[in-house]
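Structural overview for review
Below, each chain spelled out in residue letters.
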Amino acid sequence: MKQLTNIELAHLLRKVAAAYQILNENRFKIIAYDRAADSIEHLTSEVKDYWDDGKLGEIPGVGQGIASYLDELFRSGKVAHFDDLMKRIPARVFTLLLVPGLGPKKAYRLVTELKLGEKTVIADLEKAAKAGKIAPMEGFGEKSEADILVNLDTYKRGAIKENRMALSTADGIATEVMAFVKKGGAVEQIDRLGSLRRQVSTIGDIDLAVATTKPEQVTEHFVTYPHQKLVEKGPGGATLLLHNGRQVDMRVQHPKKYGAMLQYFTGSKNHNIKLREHGLARGLSLNEHGIKNVKTGKLTPYSTEEAFYKAVGLPWIPPELREDRGEIEAALNKKLPNLPDVSDIKGDLHMHTSYDLQSSHDVGRNVLSEHLDRAAELGYEYIGISDHNPSLAKHSATEIATIMKKRFAFYKSEEKKSKSGVHVFVMCEVDIMPDGKLALPKEAFEHVDAVVVSLHSSFTQDKKTVTDRILTAFAANPKVRIFGHPTGRLLGSREGVNADWPEVFAAAKKYDIALEINSSPQRLDLPDILVYDAVHVGVRFTIDTDSHGLESMDLMRYGVSVARRGWVQKGDIMNALGYTEFKKWLTK
DNA sequence: GCCGTTTTCGGCCCGACTGTTTTCAGTCG
């Protein structure tokens, strides 16, 4: 049997939830299946691995019932109960669920009452809407019929496919819009909301919040920001579709109630659910306007998030942690991590200069002295230059050693000449070849202080092969100190490798190799959820920019955001160490 | 169906919006 991925399992459980909804099952049962699906989708290990270890019950939201169905699935390839269920719901109902505005109940009624065809369900629905057959149906109407046509169009354009932008892109747009909004006056405070405030690696819409006593004035000014379409405007704010196709939603709120709104719209959904459960257990009902005492019905507004969290007996929780990964429990036990700040970073170990190392990969655009001056401006004590290794195809091992020796001498003399006061580590980013061997001959290692090893090819190897490959590389040479952009993912264009991460983390710990958190907005690799797993088994990190030009040196903050989302503390970050301590670690 | 600092039974997040309603159901975030 083809092994089911977590995404496929989540999809299956969501289908079960939808089927139950159509069949008017207990709504909490439906929620339970949806929650289990959500939980499985966000796991960093395969559900199959939990099953192998007999630990299905450890997955949050998976209890005895769902665990026994999953067990049946892994044993026999199917679940009799689910199959029975699916027999009662035509498959085309699930297709319609992809149309915005259609949930299980409406989809089911449309399919059955209009007798929509299995293969032609979308076309049939469109035909029915155009023929005016939907409006007379009970619970539907003229508006519903028109909406369905609009939403079908959205569906067909594929607009509901994930179309998320890089965090840095969203950040840039937000900064610009926020400056514009401030110029309009009456802004007491302005903040990012949602995934942007939580610094998620990819962002859908840009959400902003403004505290003001003059909401109309702020909104009227906001809607004069250059746009292609005013999507919505009301007393609570407005939404604009910008010329770049991105949507910006701005909400306005009175300063007295601002804290509750900021908390509510920062999310995440799962964090808020957990927080509201926590509040309810204390007789407090939380919403976007404030906190209601369940007994008295009295609603108290909060001007700040700090006061809002305090009211439910918790310290303020940094937005990056609000993903329901144990942050509420940690807050209760006063065990919240002390998150790092970009100012804690004392050096950048992964940069490429324009020095021609005769590599098959790309070189940088600036010379070392420029990097050193910029590093001094950023307050760094040291940098590491990790140019790509010379091409193996074009040179013999001896030639490569010579090339590397010459470079080492050049960089060292440049370091001496520089007035920046910043120290240089002469490093190298070495390819991990498909068999795990390093693409730098042994004799060349004499001419580097340390190396970063990275995957740049064969990203689709199977789990065992790629895991062995990484472990082989770790053991190849004691100068291997950093594992660069570990998964190799490129956001929106390439999946990372499918390694056995717990095994990789154990090996990193064993060899004291730091995992890189690559700050490049297209990478943000190691991904935050894997950082979270790694940090909890004691792995340490470097946060680097992988700069190929000076301007990228400013992107360090995005790597720090990933670290914060992964619960990393300053002590877990090697390049938060001062020069002497760091050198001791790097060159030991 | 899940789960435990009120609970192994009896709860389960909250509100906005929409359309069709005359008190609510479905969908969404």
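Residues numbered from 1 in each chain as written. Chains lettered and ligands numbered in written order. Predicted model: local features only at pLDDT ≥ 70, side-chain atom pairs only at ≥ 80, totals over all residues. Heavy atoms only, no water.

When its secondary structure is counted, chain A shows 23 helices and 17 strands. The globule rule puts the C-alpha radius of gyration for 588 residues at 25 Å, and the 27 Å found for chain A is close to it. For chain A, the spread of C-alpha atoms along the principal axes amounts to about 80 × 65 × 50 Å. Put simply, of all contacts in chain A between residues at least 6 apart along the chain, 67% involve residues at least 24 apart. Counting every atom, chain A has about 27200 Å² of accessible surface; 52% of that belongs to carbon and sulfur. In chain A, the 81 positive side-chain charges and the 78 negative ones have mean positions that sit 3 Å from each other. (Helix = DSSP H or I, 4+ residues; strand = E, 2+ residues; numbered from the N terminus. Rg over C-alpha atoms; globule rule 2.2 N^0.38 Å. Contact = heavy atoms within 4.5 Å. Areas by Shrake-Rupley, 256 points an atom, 1.4 Å probe, with all protein chains shown as cover. Lys, Arg positive; Asp, Glu negative; His and termini not counted. Charge placed at Lys NZ, Arg CZ, Asp CG, Glu CD.)

To continue, consider the protein's contact with DNA strand B. Near DNA strand B there are 41 residues, and of these Gly63, Gly103, Gly141, Lys143 and Arg276 occur at the shortest range. Protein-adjacent atoms of DNA strand B, using a 4 Å cutoff, are sugar or phosphate at a proportion of 74%. In the model, a phosphate oxygen of DNA strand B is placed 3.0 Å from a nitrogen or oxygen of the Arg35 side chain. In this structure, Ser144 approaches DNA strand B through a side-chain N or O atom, which is 3.2 Å from a sugar or linking oxygen. Elements represented by at least two residues in the surface near DNA strand B include exactly α2 (27-41), α4 (64-76), α7 (104-113), α9 (142-156), α14 (269-280) and β8 (284-287). Sort the elements by how many residues they give to the surface near DNA strand B and α2 lands first, with five residues. (Near = heavy atom within 4 Å. Polar contact = N/O pair within 3.5 Å; in protein donor to acceptor, adjacent residues only side chain to side chain.)

Attention now goes to the sheet that holds strand β16 (residues 514-518). The strand order across the open sheet formed by seven strands is β11-β12-β13-β14-β15-β16-β17, and the pairing between neighbours is parallel. Because the sheet does not close on itself, it has two edges, and the strands there are β11 (347-351) and β17 (541-544). On average, adjacent strands in this sheet sit at an angle of 30° to one another, irrespective of strand direction. Of the pairings in the sheet, the one linking strand β13 (residues 423-431) to strand β14 (residues 450-454) comprises five bridges and is parallel in character. If you follow Val430 over to β14, its bridge partner there is Val453. (Pairing = 2+ DSSP bridges. Axes fitted to C-alpha atoms, helices over the stretch in contact; angles between N-to-C directions.)

Across the interface, helix α1 (residues 6-22) lies against helix α5 (residues 80-87) with an axial gap of 10 Å and an inter-helix angle of 50°. The pairing of α1 with α5 is recorded here as oblique in orientation. In this structure, α1 crosses over α5, and the sense of that crossing is left-handed. Residues Leu12, Leu13, Lys15, Val16, Ala19 and Tyr20 of α1 lie in contact with α5, whose contacting residues are His81, Phe82, Leu85 and Met86. Class assignment of the residues belonging to the contact of α1 with α5 gives a composition of eight nonpolar, one polar and one charged. (Parallel < 35°, antiparallel > 145°, perpendicular 65-115°, else oblique. Left-handed = near helix turned anticlockwise from the far one by under 90°. Nonpolar A, V, L, I, M, F, W, Y, C, P; charged D, E, K, R; others polar.)

With respect to the helices and strands, the residue Asn287 is situated in strand β8. Accessibility expressed as a relative area gives 25% for Asn287, which makes it partly exposed. As a C-alpha pair, Asn287 and Asp124 span 163 residues in sequence and 41 Å in three-dimensional space. Contact partners of Asn287, with chain neighbours within four places excluded, come to Ala260, Tyr264, Leu299 and Phe308. A distance of 2.7 Å separates a polar side-chain atom of Asn287 from the backbone nitrogen of His289. (Buried < 20%, exposed > 50% of the residue type's maximum accessible area, 1.4 Å probe, protein only.)

This part takes up helix α10 (residues 167-183). With 17 residues, α10 should reach 24 Å at 1.5 Å per residue; the first-to-last C-alpha distance of 24 Å fits that figure. Leu167, Ala170, Asp171, Ile173, Ala174, Val177, Met178 and Val181 are the residues of α10 that are buried. End-on, the buried residues of α10 take up no more than an arc of 165°, which puts them together on one face. Exposed positions of α10 whose direction lies more than 90 degrees from the buried face are Glu176 and Lys183. (Expected span 1.5 Å × (residues − 1). Arc of directions from axis to C-beta.)

Before going further, it helps to examine the pattern of salt bridges. Enumeration over the complete set of coordinates arrives at 39 salt bridges. The residue Glu305 makes a salt bridge to Arg197 at a minimum N-O spacing of 2.9 Å. Taken together, the residues span a long stretch of sequence, with Glu305 in helix α15 (residues 305-311) and Arg197 in helix α11 (residues 194-197) at a distance of 108 residues. Each member of the pair Glu305 and Arg197 is classed as buried. Each of the salt bridges in this network shares a partner with another, and the network as a whole consists of Arg198, Glu323, Arg325, Asp528 and Arg565. (Salt bridge = Lys/Arg side-chain N within 4 Å of Asp/Glu carboxyl O.)

Okay, the side chain of Gln263 next. Secondary-structure assignment places Gln263 in helix α13 (residues 258-266). For Gln263, a relative accessible area of 3% gives the class buried. Beyond its immediate stretch of four places on either side in the chain, Gln263 contacts His271, Asn272, Leu275, Glu305, Phe308, Tyr309 and Arg322.

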